[in-house]
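Descriptive structure summary
What follows is the residue order along each chain.
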Amino acid sequence: MSSSQYITNFKRNVTDKYTIYNSLFAALPFSGIANVGALLPILLQACIDGYAEGKSPMEIIDSFCERHTNIKTEKEKIDRLFKFAQYIERQVVLFDAIEDAAFASVNNVEGPGSLKSLFNEAAFSSRTQTLRNKLRKFKVRVVLTAHPTQFYPGSVLGIIHDLNEAISKNEFHTINLYIQQLGITPFFNKKQPTPYDEAVNLMWYLENILYHSIGNIYNFIEREIFEGNYDGDNPFIELGFWPGGDRDGNPYVNGPTTLQVADALRRAIIVCYYRDVRKLVRRLTFTGVDTMIHQLEEQLYQNVFKAKESKPISKQDLLKQLQAMRQLVVEKHHSLYLQRIDSLIHKVKIFGTHFASLDVRQDSRIHTKVLLEINETLKAKGMEAILPENYLSLSQEEKINILSSFSRQLDTTLFPEGITRDTLQSLYAISSIQAMNGEAGCHRYIISNCQSAVNVMEVYGLLRLCGWEATRMTVDIVPLFETIDDLQDAENIMELLYTHTVYQQHLSQRNNQQTIMLGFSDGTKDGGYLQANWSIYTAKENLTAISRKYNIKARYFDGRGGPPSRGGGKTNKFYASLGNNIENEEIQLTIQGQTITSNFGTIQSSQYNLEQLLSAGISNELFADTRMQLSQHDRSLLDELGQVSYAAYQDFKTHPLFLQYLQQFSPLNYYSKSNIASRPSKRGSGNTLRFEDLRAVPFVGSWSQLKQNVPGFFGVGTALQHMKEKGLWNDVKAMFRNVLFFRTLIDNSMMSMLKSTFTLTRYIKTDPTYGPIWELIKKEFDLTASLVLELSDNTELMQDDKTGRASIQMRDRIVLPLLTIQQYALHHLHKAETDPEMKAVYEKLITRSMFGIINAARNSA
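Residues numbered from 1 in each chain as written. Predicted model: local features only at pLDDT ≥ 70, side-chain atom pairs only at ≥ 80, totals over all residues. Heavy atoms only, no water.

1. Details of the overall build of the chain
- The helix and strand inventory of the chain stands at 34 helices and eight strands.
- A compact globule built from 861 residues should have a C-alpha radius of gyration of about 29 Å, and the chain, at 28 Å, falls within 12% of that.
- Judged by the C-alpha coordinates and their principal axes, the chain covers about 75 × 75 × 60 Å.
- Within the chain, the fraction of its 861 residues that count as buried is 61%.
- Long-range pairs, those at least 24 residues apart, make up 81% of the contacts in the chain with a sequence separation of at least 6.
- For the chain, the exposed surface amounts to about 33400 Å²; the carbon and sulfur share of it is 48%.
- Distance from the positive charge centre (92 side chains) to the negative charge centre (92 side chains) of the chain: 4 Å. (Helix = DSSP H or I, 4+ residues; strand = E, 2+ residues; numbered from the N terminus. Rg over C-alpha atoms; globule rule 2.2 N^0.38 Å. Buried < 20%, exposed > 50% of the residue type's maximum accessible area, 1.4 Å probe, protein only. Contact = heavy atoms within 4.5 Å. Areas by Shrake-Rupley, 256 points an atom, 1.4 Å probe, with all protein chains shown as cover. Lys, Arg positive; Asp, Glu negative; His and termini not counted. Charge placed at Lys NZ, Arg CZ, Asp CG, Glu CD.)

2. Re the state of the cysteines
- As enumerated under the stated definition, the model contains zero disulfides in all.
- As a non-bridged cysteine, C65 has C47 as the owner of its nearest cysteine sulfur, 11 Å distant.
- In this structure C65 comes out as buried when scored by relative accessible area, which is 6%.
- Its sulfur unpaired, C450 is 19 Å from the next cysteine sulfur, which belongs to C442. (Disulfide = S-S within 2.5 Å.)

3. Re helix α31 (residues 740-754)
- Here α31 spans 21 Å end to end across 15 residues, near enough to the 21 Å set by a 1.5 Å rise per residue.
- Among the 15 residues in α31, 13 count as buried, and that is most of the element. (Expected span 1.5 Å × (residues − 1).)

4. As for helix α29 (residues 716-725)
- Those residues of α29 that sit buried are V716, G717, A719, L720 and M723. Down the axis of α29, the smallest arc covering the buried residues is 165°, so these residues share one side.
- Among the residues trailing α29, G727 stands out with phi positive, at a value near 85°. (Arc of directions from axis to C-beta.)

5. A short note on the packing of helix α8 (residues 154-168) against helix α10 (residues 195-225)
- The geometry of α8 relative to α10 is characterised by a closest axis approach of 10 Å and an angle of 25° between their N-to-C directions. The orientation of α8 relative to α10 falls into the category roughly parallel. Both α8 and α10 take part in a crossing whose hand is right-handed. Judged by residue contacts, G154, L157, G158 and H161 of α8 engage N201, W204, Y205 and I209 from α10.
- Here the residues of the contact of α8 with α10 sort into four nonpolar, four polar and no charged. (Axes fitted to C-alpha atoms, helices over the stretch in contact; angles between N-to-C directions. Parallel < 35°, antiparallel > 145°, perpendicular 65-115°, else oblique. Left-handed = near helix turned anticlockwise from the far one by under 90°. Nonpolar A, V, L, I, M, F, W, Y, C, P; charged D, E, K, R; others polar.)

6. Things to note about the layout of surface pockets
- Computed from the structure, the second largest pocket encloses a volume of approximately 1200 Å³.
- What lines the second largest pocket is a set of 42 residues, among which K139, P235, E238, A440 and H443 lie closest to the centre.
- Of all the secondary-structure elements, those providing two or more residues to the lining of the second largest pocket are β1 (139-144), β2 (237-241), α13 (315-332), α14 (338-351), α17 (419-437), β6 (513-519) and β8 (586-591).
- Considering every element that reaches the lining of the second largest pocket, the biggest residue donor is α17, with four residues.
- Its residues assigned to classes, the lining of the second largest pocket comprises ten nonpolar, 17 polar and 15 charged. (1 Å grid on protein atoms, 1.4 Å probe; cavity = no way out; pocket = protein on both sides within 12 Å on 5 of 7 lines; lining within 4 Å. Points joined across faces, edges and corners; volume = space filled by probe spheres on them.)

7. As for the sheet that holds strand β3 (residues 357-363)
- Taking strand neighbours around the barrel as the criterion, the eight strands line up as β1-β2-β3-β4-β5-β6-β7-β8 in a closed arrangement whose pairing is parallel. Pairwise comparison of adjacent strand axes, ignoring direction, gives a mean angle of 25° for this sheet.
- Alignment of β1 against β8, held across six bridges, turns out to be parallel. Bridge assignment links L144 to a residue of β8, and that residue is I591.
- Here helix α11 (residues 255-281) sits on the sheet and contacts β2 and β3; the angle it forms with β3, its principal contact strand, is near 160°.
- Most of the contacts of helix α18 (residues 453-465) go to strand β5 (residues 476-481), to which it runs at about 150°, and overall it touches β4 (444-448) and β5. (Pairing = 2+ DSSP bridges.)

8. A few points about the nonpolar core
- Core analysis: the largest hydrophobic core is formed by 269 residues, its most contacted members being F241 and F742.
- Listed in part, the seven residues of the second largest apolar core include V143, W242, L480 and M517. (Core = buried A, V, L, I, M, F, W, Y, C linked by side-chain atoms within 4.5 Å.)

9. Section: the packing of helix α27 (residues 658-665) against helix α28 (residues 696-705)
- The geometry of α27 relative to α28 is characterised by a closest axis approach of 10 Å and an angle of 60° between their N-to-C directions. Considered as vectors, α27 and α28 are oriented oblique to each other. Handedness of the crossing formed by α27 with α28: left-handed. In contact with F658, Y661 and L662 of α27, α28 contributes F699, S702 and W703.

10. So, unusual backbone geometry
- Of note, the phi angle at E227 is positive, near 55°, even though the residue is not glycine.
- As for its position among the elements, E227 is in the loop between α10 and β2.
- By relative accessible area, which is 55% here, E227 ends up exposed.
- Look at M798: it is not a glycine, yet its phi comes out positive at around 55°.
- Exposure remark for M798: the relative accessible area of 5% places this residue in the buried category.

11. So, the side chain of E222
- Positionally, E222 belongs in helix α10.
- The buried charged residue E222 lacks any salt bridge, with R223 as its nearest oppositely charged partner at 4.4 Å.
- E222 has contacts with E227, G228, N229, Y230 and H346, leaving out every residue within four places of it along the chain. (Salt bridge = Lys/Arg side-chain N within 4 Å of Asp/Glu carboxyl O.)

12. Quick notes on the packing of aromatic side chains
- Using the criterion set out here, one finds 36 aromatic pairs in the structure.
- Ring geometry for F652 versus F714: centroids 4.6 Å apart, planes at 20°, classification stacked. Note that F652 is positioned in helix α26 (residues 632-653) and F714 in the loop between α28 and α29, a separation of 62 residues in sequence.
- Using a relative accessible area of 4% as the deciding quantity, one classes F714 as buried.
- For the cation-ring pair, K724 lies above W729, with the distance from its terminal atom to the ring centre recorded as 5.1 Å. (Phe/Tyr/Trp six-rings, centres within 6.5 Å; stacked < 30°, edge-to-face > 60°. Lys NZ or Arg CZ within 6 Å of the ring centre and 35° of its normal.)

13. A word on the pairing of β1
- In terms of burial, β1 is a largely internal element, six of the six residues being buried.
- Here β1 runs beside β2; their pairing, made up of five bridges, is parallel. By the bridge assignment for β2, L144 is matched with F241.

14. Here's the deal with the environment of E775
- Along the chain, E775 falls in helix α32 (residues 771-792).
- Each C-alpha atom of the pair E775 and I764 lies 8.8 Å from the other, and the pair is eleven residues apart in sequence.

15. Let's talk about the confidence of the model for the chain
- Looking at the chain as a whole, the pLDDT averages 90, with 93% of positions reaching at least 70.
- Predicted confidence is poor over residues 677-682, with pLDDT under 50, and the contacts of this stretch with residues over four places away or in other chains come to 34 contacts. (pLDDT = per-residue confidence, 0-100.)

16. Quick look at the side chain of S364
- Examined against the element boundaries, S364 turns out to sit in helix α15 (residues 364-380).
- Residues within four places of S364 in sequence aside, it is in contact with I447, S448, N449, C450, N455 and E458.

Next comes the structure, spelled out in structure tokens:
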């Protein structure tokens, strides 16, 4: 199907349907709805016309209210704006559901990047066996994180799911009922969720989406690619899980929470198996098999509803019973319903009794603090210290030797309630989870802000203090390198670990595999878009080389967010672009917030996006001989582009009003009041906001709300202009044509720019304090936009992705009144500093406006 047909389908199945079903909102039989529905299109047109005429958001809102309403007071105006915000939130939900329902008609689901396409391409080039060999060892690990960046509570997610199904079947009456339900369903969490609440919300996707889509992918590979003869143990796709285990900067996550979430994951997967077995009971009615399936059904029932009284069922138990049934069906019952049995067997092989592997994460500075507190507490109790008096003044090598020599086991009750006891409890929890759900249930400890080999060995030492034997430590210690400096030091840090006898022994027990996490979010926040992405690319090359030198298989775990500036966007193309110098047996990445909703919100979209990732990693090696590799000249160009963009970004980031600008004109200060996350929006407990304490989600998200997506483009234009002035423009253009990595970087930057709208904040230009900053950003935006268009020989941003462009433009149009309302509220908030009552009202309006804007953007943070 041609690209023009996809855009025609988008208009017919998305734009036109939205117009039709959106009209149902205005007819809802609820108080005030009709009036709001009638006035909102007028407000939208007022915004479009007003910005075209150079008006400010305040002028647009005031003029609209004066001309089209009978509002007399500011409180009445605020009340009306709240109603608009609530209405627009629901319009966004409707658009999400319609776009999800149209997924297959506006995306080439069996085209490039699908497993079917990969299989056909391999067969055409006589590489089917090579493909099978690669699939025996290659896998994708998708890790759902505890960083929610969308505001849909579970009840709304359920409505979206049901609405999507009704829309795909054109069931008008049912759609109307769901829209009525949507009209009176609250969108707002009245209290901040707990880490357990976050985990339960994300489990909705595990049970309702990923359980099915991952199972479908396994079935296709086993039946089509391996022709029913796959006997390996590679699951192809694995799930990871951070809620309940990620305690980095989150004081509400503790050892008991981790155990509670692991238990919930176990119950969730047993429930999934129970549902499938209940369906099989109705089909497997044959002599002998009927008794076996009923016994399994009862066993699963006991494990779900009477867990404390029943013997826990294991993965091995499940497989043994299902394989016995399968054998009997083959031998005695003509293999009837064999594929259904096989499908369940495949799911048990993938998900075991753990469903998703729970990762534990903590900041390296906490581990240092905990070790010192353990030492002081033991001395105060008259017990033998674990560290010498001069520990802090020792060399790195001396510290590592001490940390690797711990052999005692500590009782957590020796320590008072607090971070030390909790850290120890979390390490003991890993052992408990493995006993309950198998090693796959929890086997990774991630070290945020890892800056040295000592940071890694601190965790090793803490594990030894919690009863883990050196010869049976079934835990992978995962350093996370985030800043530009840390990425540059990573190679030396890992070489020091690889050459240390104790750590060498530890890795030998972990199949000589080392997982290394690289942070796109904080990398971009620290060094800017181009430099962060290129630094991570080169860090992977250097880490691969040093790992191969010591016969270690490196596994890279990418900490990616939703937008391009945090490693999101067209992620699969990044993996397809990796060269031969980067280890490529796994793709591991974090998926969070809106990306979960937009890319994994339906079984169809989830399967499509997982196949794209799997195919990207496999084809990168399978067809390496047909793809252009980075030349030395390309590398020198990327080095220079990164350095110039880094300098431009650093100059801007160190501007004395950089953070104040963001606080003044964006909702940065209100992320913590939105009640979507259990984790604070910044590290540290001080009242003053420092750049280094600011988390990537509110940082990137605030620029997105401001419609000035700085982290996704700033410095790119300056770097490209530098190369042009240096006479290297044709070289850069050639690199854009030939090097997929660079082309993907530019394509993703275009997405960030398409989602920017400077007319919204043009009024800042005349502000005596902040006007120069606005002009600086706008100048870089204009420069970048003109040069990336020239570079790509396009006339508009995202010209080659017409459906993606249409979706962004439609979403931006829906929320334009909401963006205007947010700017209006921010402006008046600063004027109401002496009026606590009105200040509180404006703060609520700002917080409420964030919901629809973030949800509409789908990958804003």
